[in-house]
Amino acid sequence: MAILNADLHCHSTVSDGTLEPEALAARAHANGVELWALTDHDELGGQQRALHAARALGLPYLTGVEISVTFAGLTVHIVGLGIDPDDAQLGDGLARTRSGREQRAREMAEQLAAVGIPGAFEGALKYVGNPELISRTHFARFLVEAGICHDTHDVFRRFLTEGKPGFVAHRWAALGDAVRWIREAGGVAVIAHPARYAHPSPTHEYALFAEFKAHGGQAVEVVSGSHSAAEALRYADLALEFGLAASRGSDFHSPDESHTDLGALPLLEGRLTPVWELLADRIIH
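On a predicted model such as this, the values are computed, not experimentally measured, just so you know.

Caption draft 1: Quick peek at helix α4 (residues 101-114). Over its 14 residues, α4 extends 20 Å from the first C-alpha to the last, a length consistent with the 20 Å expected when each residue adds 1.5 Å. All of the buried residues along α4 are R101, R104, A105, M108, A109 and L112. The buried residues of α4 occupy one face: seen down the axis, they fall within an arc of 140°. Exposed residues lying more than 90 degrees from the buried face of α4 are E110 and A114. Turning to α4, the residues buried within the fold contact β4 (64-71), α3 (88-98), α5 (120-125) and α6 (136-145). The positive-phi residue at the C-terminal boundary of α4 is G116, with phi of around 90°.

Right under this line is the structure:
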């Protein structure tokens, strides 16, 4: 199992991806993925569709979600794998986590209007059916469509990040709550793409790993679509230091926007314990 081409982090139209769950399943299968998970942001609405599509293709599947967490003033993401998507406590927790998105989005639009970009809330909403799930990614697509930015990477250089127009902080779930929801729903909690977080100091990152482990977190995304080879090596070392299993995921959102396609990641190092070994009884065939 250690050398599986697993892709355990991606997003559909149910959150901020551009492909339907069924199209993602087909793309993963066509690209040689051997174990797949859909991990939409704070939302489980695509799970049954993804599961049925994967099963029809003979693609082994793990249920998943990516939970937005506030840790010591920083937003981090925790992936839950192998969760029961019908778990009431998890569903309630995700609903509370989503509930602040619409107000935050309206404040983001007000900031953009103040710098001469009107109509951003309505423009972003065209890319998402449910205001509860509106995110920075939807605003980014509007800014590209409107010709204000060349692409979504240009957007985040100029807007929507701390200190730039359109950035509004939001308080998400607490780290301990997110890990508990995942564990009590039968799943394994994973720190997503750890190299992406702008920790104010190495001590801050160490505290994240230590607290995550203390709450019962069991894995970290070592190989990610946003990690360099050097970063993957660093987080392999941290996984071993903290006794965490290793996960692997492209964080694929869109054929036009994502750096790394489904199934195109380097394999995990042999010295690591793959997260799917902890989840063997949760894999759906």
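Caption draft 2: View of the packing of helix α1 (residues 21-30) against helix α2 (residues 47-57). Where α1 contacts α2, the two axes come as close as 8 Å, and the packing angle between them is 35°. The interaxial crossing formed by α1 with α2 has right-handed handedness. Residues P21, E22, A25, A26 and H29 of α1 lie in contact with α2, whose contacting residues are R49, A50, A53, A54 and L57. A breakdown of the residues in the contact of α1 with α2 according to their chemical character gives seven nonpolar, one polar and two charged.

Caption draft 3: Quick peek at the nonpolar core. Core analysis: the largest hydrophobic core is formed by 54 residues, its most contacted members being L8, I67, V222 and V275. Considering each element in turn, this core owes the most residues, six residues, to helix α10 (residues 229-242). The next biggest cluster of nonpolar side chains, apart from the first, holds 20 residues, and it includes A105, I134, F139 and F159.

Rules of the game
- Residues numbered from 1 in each chain as written.
- Predicted model: local features only at pLDDT ≥ 70, side-chain atom pairs only at ≥ 80, totals over all residues.
- Heavy atoms only, no water.
- Helix = DSSP H or I, 4+ residues; strand = E, 2+ residues; numbered from the N terminus.
- Expected span 1.5 Å × (residues − 1).
- Buried < 20%, exposed > 50% of the residue type's maximum accessible area, 1.4 Å probe, protein only.
- Arc of directions from axis to C-beta.
- Contact = heavy atoms within 4.5 Å.
- Axes fitted to C-alpha atoms, helices over the stretch in contact; angles between N-to-C directions.
- Left-handed = near helix turned anticlockwise from the far one by under 90°.
- Nonpolar A, V, L, I, M, F, W, Y, C, P; charged D, E, K, R; others polar.
- Core = buried A, V, L, I, M, F, W, Y, C linked by side-chain atoms within 4.5 Å.

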